[in-house]
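# Report on the structure
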Amino acid sequence: MPVRSLEQFLFEHALVGSLPIDTLRNATLGIDAAHYVSRLLSGRKEQFLDALGGCPAMLLMYLESDLRVFRECGIVPVFVFEDAENSESDADASLAQRHKAWNAWTNTLSSADSYIDQPPTATEPFRAGTTSPALHPSRYMADMLRVLARHGVTALVAPFRACSQLAYMRSVNAVDAVYGPTDCLLLAPIDRFIIGMEFPNRDFRYVDRTRLLRELDCSMAELVDIAMATGNAFQPRTLPPLQIYPPYKLCDVAVEMALASGTNFYAYQLANEVDPVTAGYVDAYQRGVSALKYTPVMLQSGRVDVFTNDYAAVDAAARARHAGKNAKGNAAAPPVTPASPLQIPNDVHEFVAQRLPNEYYFYRAIGLASGQLLDAIASGVYHEREPLDGGAQESYRALVKQSVQEFKNKELNLLTQPINRYFQMKQVKQQVWYAPDDTTALLNRTTPSIFDSLNHLVVKCSDDDKEFSISEFVGVLAAAQDNLAQSFIVDKVIFPDSVPAAEKLNNAFDLLATGMLRALVQLEFFDYDFDKRTLKPTNWGLTLLKFNALGISPEHQEKMLLLLVLLKSGTLALSEEFKPSVLSVLSEHTLRTYPQEAQQILVLSRLLTLFQVEHKAHNHHGPIDKKTLVFREHLDFVRANMNDMLEAVVVASLTTNEFDKLKYDNLEWQQRIVAHMPFKLALPSTAMAMMWEFFLQKYLHNGNARDDAMALVSSQFNAHQTIADVDAQFDQSREFLQQCQLLLRDLADSRLVKNSEATLCDDAVKFATAALAKE
Amino acid sequence: MTTVNATGKGGASSAAPAFKETPEVAKKFKDRFDYLLAESLGSKATVTTTKGAKYKGVLAAANLEANDGLDVVLKAPELVVAGSNDENAGKLGETLLVHANDVAQLDITGLKIGGPAAAPVKKPSYAAAAAASVPKKTSTAAPSKKSVPAKKSAAAPAAAAAATPSGNGFRTDVDISGGKNVRQRELQRWTPDEGDDAAFDPNAQANQGQTLEEASSTWDQFSVNEKKFGIKSTYDEHFYTTKINKSGPDYQQRLKEAQRIADEIEGQGAAGNIHLAEDRGITVDDSGMDEEDLYSGVDRRGDELLASLKTNAKPSADAKGGAKKYVPPTLRNQPHHMDPAIISSSGAKNVPVPTPAHKQPQVPAQTQTQAQPAGKPRATLKNADEETKKQLKEIKRQSGRGEHDRIKAKAQAQSGPKVSKEEQIEALKNFAQKFKVPYDVPNDMGNVLRKTNNVPLKDDPSLPPKPKVSAQSAQASRNGSSKHSSSGNTSGGTHSSNNDAKRSPQGQQHNGASTRGGSSGTTHTRKRQTGSFFGSKKPLNNGAKRETFNKGFNVFLKAKEAHDAEDSMAPFLIEKPYFAAPTWTSTVEKSHKTLFPDIQTVFQESQARMQMRQMSAMGGMPPVNMGPNGMPQFPGAMMGAGVPGGPGGAPNSNGAAGATSPNPMMGGFQGAGGYMPFQPQPMFYPGMNPMGPMMGGKDGSVGPNGSTSPPPMPDQMGYMPPGAYMGMGDPYGYPMGGMPQFPGAMMGGPQGMMGNEHGGSHRGYQGHGGHRGSRGSSKNSHGHRA
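These remarks concern the structure in this document. Values in this document were obtained by computation on a predicted structure and should not be read as measured data. (Residues numbered from 1 in each chain as written. Chains lettered and ligands numbered in written order. Predicted model: local features only at pLDDT ≥ 70, side-chain atom pairs only at ≥ 80, totals over all residues. Heavy atoms only, no water.)

## Re the packing of aromatic side chains
Applicable threshold: Each Phe, Tyr or Trp ring (for Trp, its six-membered ring) is paired with any other whose centre lies within 6.5 Å, and the angle between the two planes then decides the class: stacked below 30 degrees, edge-to-face above 60, tilted in between. The helix and strand labels rest on DSSP assignments: H or I over at least four residues marks a helix, E over at least two residues marks a strand, and numbering proceeds from the N terminus. Throughout this description, buried means an accessible area under 20% of the type-specific maximum (1.4 Å probe, protein chains only), exposed means over 50%, and partly exposed covers the range between. Whether a charge sits over a ring depends on NZ of Lys or CZ of Arg being within 6 Å of the ring centre and within 35 degrees of the ring normal.
In the structure shown here, the tally under the stated rule is 36 aromatic pairs over all chains. With a centroid separation of 5.8 Å and an interplanar angle of 70 degrees, the aromatic rings of Phe160 of chain A and Trp584 of chain B are classed as edge-to-face. Here Phe160 of chain A, found in the loop between strand 4 (154-158) and helix 7 (162-171), pairs with Trp584 of chain B, found in the loop between helix 21 (555-566) and helix 22 (599-619), and the two come from separate chains. The class for Phe160 of chain A is buried, based on a relative accessible area of 9%. Relative accessible area serves as the criterion here: at 5%, Trp584 of chain B is assigned to the buried category. With 5.4 Å between their ring centres and 10 degrees between their planes, Phe549 of chain B and Phe553 of chain B make a pair best called stacked. Summarising the burial analysis for this pair, Phe549 of chain B and Phe553 of chain B share the class buried. One aromatic cluster is present, built from ring pairs that chain together Phe362, Tyr363, Phe659, Tyr664 and Trp669 of chain A together with Phe556 of chain B. For Arg397 of chain A, the ring lying beneath its charged end belongs to Tyr434 of chain A, and the centroid distance is 3.9 Å. Geometry around Phe530 of chain A places Arg533 of chain A over its ring, the cationic atom sitting 4.0 Å from the centre.

## Things to note about the state of the cysteines
Among covalent bonds in proteins, the disulfide is the one between the sulfur atoms of two cysteines. Inclusion rule: Any cysteine sulfur atom paired with another within 2.5 Å is treated as part of a disulfide.
A complete count under the given rule lists zero disulfides over all chains for this structure. Just so you know, Cys761 of chain A is unpaired, no disulfide at all, and the nearest cysteine sulfur is the one on Cys740 of chain A, 6.6 Å from it.

## Concerning helix 9 (residues 220-230) of chain A
Across the eleven residues of helix 9 of chain A, eleven count as buried, placing the element largely inside the fold. Met220, Ala221, Glu222, Leu223, Val224, Asp225, Ile226, Ala227, Met228, Ala229 and Thr230 of chain A are the residues of helix 9 of chain A that are buried.

## A look at the nonpolar core
All names here are of chain A. As a reminder, the rule being used: The criterion is simple. A nonpolar core is a set of buried Ala, Val, Leu, Ile, Met, Phe, Trp, Tyr and Cys residues joined through side-chain atoms within 4.5 Å. Residue contacts are counted whenever heavy atoms from the two residues lie within 4.5 Å of one another.
Within the largest apolar cluster, 255 residues are counted, with the highest numbers of intra-cluster contacts made by Leu368, Leu561 and Trp669. When residues of this core are assigned to their parent elements, the largest contribution, 15 residues, is made by helix 27 (residues 626-655). Those residues within four positions of Leu561 in sequence are excluded, and the remaining contacts are Ile470, Met516, Leu520, Phe525, Leu544, Phe547, Met642 and Phe679. Grouped together as the second largest cluster of nonpolar side chains are 44 residues, Leu40, Phe81, Leu148 and Tyr179 included.

## Notes on the pattern of salt bridges
Residues and elements named next belong to chain A. Keep this limit in mind: Salt bridges, as used here, are contacts in which a Lys or Arg side-chain nitrogen is within 4 Å of a carboxyl oxygen on Asp or Glu.
This structure, assessed with the given rule, holds 43 salt bridges over all chains. Asp707 is paired through a salt bridge with Arg706; the nearest N and O atoms lie 3.3 Å apart. Classification of Asp707 by relative accessible area gives exposed; the value is 56%. Look at Arg706 and you get buried, because its relative accessible area is 7%. Look at the salt bridges and you will find they share partners, linking Asp50, Arg98 and Arg139 into a network.

## So, unusual backbone geometry
All names here are of chain A. Residues Pro240 and Pro241 are joined by a peptide bond in cis, for which omega reads 5 degrees. Residue position: Pro241 is located in the loop between helix 9 and helix 10 (250-260). The omega torsion of the bond from Lys579 to Pro580 falls at -10 degrees, within 30 degrees of zero and hence cis. Positive phi is not limited to glycine here, since Ala14 has a value of about 50 degrees. Along the chain, Ala14 falls in the loop between helix 1 (6-12) and strand 1 (16-20). With relative accessibility at 7%, the residue Ala14 sits in the buried group.

Here's what the structure looks like:
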């Protein structure tokens, strides 16, 4: 999060310079990815993103084109992500805006009683703030990392704050320039930074700190004081007396107070330290300043350690310069004495986080391990964030509860076992958004440890270049289905150093396939008993192994597996209504007149949340569908947990040296391993599901006229512009639906879902097929 | 089988009250119903009357307009079931008309409509009344029987239309056009009539695709007009355009120049303006953009608040290369393109002016200026403002002059109509050259006058362009007025060479200017001359850096590297993760909280700073960069009040500061407070007031460190203010005479302070009214805020 309203302040006061991008030729440019994203998704772009879900398609499109510009200009970009907690800027504001927008939408929908088949349009934007759009990094990070890896562009996830990481990189000249938020002003090594890039105009905007300080007549200490009061990446709250001012004016007011009348905000907090609330402000201030000074970063050596940011030295240097200028008569200006290095206090863990092994930070840096689990270990709290729809449904909350047993306890065990014993004892809690005080303790102690119970399971293949995918994985397992135990259980564990390298996991496929099998064993897709040397698929596992046989296309298998896990959880059947119910986007007339079809549409739309429509950009302004989104969030929750699980298994496997960690350099790690890990990418948006819903509804009401219905979809979704071939997308999604139908039929045959569900799905797909058929 | 239930008032209308439907939708259903009936004409039908009789026959006609249902005409009717008291029984003719209010039900059999689909498809139901299940088969030809409405019901509303609840609701475009079947005419190619002019004759190959100008055939609208209507035209193209002198000696050179300028304009790139790019025929990937993005929306990528800066700030890459920059003719003789002084000021000036007003309208202008610190920056702004004004004035004057000249010229032209235009202009030119102002010219006028003299008349954009054509070319293309052009030739020839000579220095000057303007514009400050972002050390080739990121930031590879470098015999082992402790390495065994200055130091520092700020605000004191510990900078100021040996105020020496914060220190502090009242500023800032109570309160904690508690407040008040003020006056060069200016304030201040102090509670300082008040008052005291 940037310093609140400072950016605007800088622009208003013409403290921003501009130069052509060509100036940066040959430079290595460190980019704060969150800032980059906030620049791209500013203002009116993708306002309904939170109502649709998914990664903003526009973002990836822009990223590709910007990378092209970088290439043309000879600039080497280095993207630095930040995945730590609280890295969402203005999370509260964005939540409030989202709630407001949902309310507005519910009102719109419930008052649209004359609505038959022309869906009403949402008006209230779902994203707050025109200045700094809030978007949690988890929404885009994996997708962006994958694009960057494909282009061979360096990307790194900072252990804590991206801007601190960039400051370190700047201080060791690993990067020549920094493109980041206004927080960069507070970091001593960054004397000037790029605040905005206008790729179409091929120029960029930058801020020069020396000039800024001079023109404002302000010292660095005062600047930090102001930033701490307005709120910034290190101290996100706005402190008194600024809280009463509108957010966009904070800097104006603070600068006025500090510079015109000499207010010191720290003194202000101290003087008002009378009750627990206000005392908290002093604490927040101090933690903020300390975090600014001592945030750990990943050093070039790969180790993560405290990087001291001695911003006071900037003032000292300025004074020395000033003195030197004044003493012009003297031949030699007094040399700038390097200040003694900042002392690092012994409680950095208090205001940053506890330290994890360097290895874990490395896995986070390359995107292999996502931040949430690691943060939970370090901070002791696993935050369950509110889903996009608000998460009021019982089934979702049941899913969250269930995840403790099914996923989190196991994951924590896997991750804490290899590291300092302190973490094995440490209590970690799950904290849910709807009842923050009612935490659930996570148990990370089981005997034997989960890894011990799994480490005889090994999947190996001889082909070094084989790329991992669920389909390949299923293929390997299905081929050995009759003697799984013989094929994948090894008698001796492979992690000790004495094991010859050839017997270890040799390539990315081995690593991920082994991880996948172990994860699936924990999710009870397989029954495994090492003592009896048995490894048998359960009924769910049998269905999984049939994926290829059922003709489910490889690109859909990851999604189908998610569906299986959701159905297996038993929290929500495919056609089950939510409790409390969610207003359907289908019209009253449709629901009343065509109850059967409406039910079929419900099933179809739910399945279609797993289908990624290929659109170039999706600046959607039109109807939205909360009911479908709720289902999507269910699936996304499952996805996140599956991702955590696979990561935990793989990290456990790596830390115990089952894999040669010297084999790859950073880019190879990302390209060969991280890029092929399933469950990382954001699930699709609800776009395709909605298109089908409105298509079918129109079709029903409009005398079965397919073309009219298609025209409606085209106009509502601007499909002729954003989607290359709407018909082809519909055809592909129909095929996807047919595969879902086969899957459900198979599940019903195995008595894993009710027969009625499968029948409903059959009917629904038939209905969809008939509607789509050209007359 | 289709069943139309037309009981009573007819299905549609009977369902009306329950059926909330927009007129469009209702109309659609009515249309469907009509369609269904139209298709079923000629089918076998069975009509059940309200009396219970059933008639079979061929449906011949049906009156849809009937106001109470559906009138039906059957051909070849036969009675199937007799009704209760059916008067028709036995006397059936060739046709049978059943009135609408008699029709209870109409069954149609063997209806064939729709496409080839074999499976029965459900049709949408129309409420519950008009459900229809239609087997789809290949359609039969629509019956072309004469279907006469059995009964004309005048102006009866259609049943379905009557069903609409509210016809006047708000309707969107889609609502309105939604139901309409847009029919497109087949477009027909235009072919000329026989009598059309030969120029358009498609057979005349040579003329095809030619525009009027290049048409080689002799289409002369004037001669045609004259021939046909006898109208003689006085039109001369040269009134409107400049003829290109293709045979002139410098033609090739000028052509090149023009080409260069054209290239320059076109080569500037569309600058992200997709519309412009489109105009230039550049293919743009506009996928994913809607119309707004393409043509209308402001490009907000990057959310630049200073979009308007772009044009001003963009440094020209060409400038270094020495090529001339194209300037539109209308701007060429504006003074700021020539006068280096104005250029530099305008280059810098262009920056701050448009931004706040344009881009951030929601921020009141007041706050923008308020946030500006006092002193230097404001002064520069002022200067810049004045410069702009001056510049504007100059421009105005000049254009005013041009206007004046023009009016004069016009007046002369009107007064002497016999004189040819060239002669008039020549005369005017002479006049302009010889003209001397008959009174003393102010100094700054010289500049302007010199310019007007230098600028050739022709270049004045407010004058119509002057024709200068060679005789030959005039003859070649023109049908008369050779006299005009030949006379223009003599003067035009000299004129143009004159013009060229003038222009080239002008261009050079501009060239130089653009370089300067570019640099000052890009850095947005006149002070900084750094042309580049990196200063002197440009980044070099980054092949090595790539390695840094691929091999570096990797704990395994780096450890291996280090291990290899050590050349030790021990095998390389990756560090076990459980070695890492959950704490970070530290250099000092202290909590981060202890690294903050203690409360007294903070207050002292902030007091010192407050004084500085206020003094600088009042006196325009040169800015002083104050460190986190402002103290050391003002030994004289703070301690000058007579405190010997300034105590360590450094933030990091907390313990020591606590121990040494003695009485005199407090004195200095209070002294600082003593002169505060100069600034008639309410004490919203807490550091000020609570001084007394705070010191008392903290006494216990300070005590153990050996410090003495501060002396009572009144004592300090007694001796401090004058001493402090005098002591401080000197180092800052305050005029002593300035002191009496604030006696009232001085007196008033302490009292206010005391009052607050007695108030006691710290909470009081959160009152924001106080703060607002301070802003208001500081505004007054600063005086330079309008």
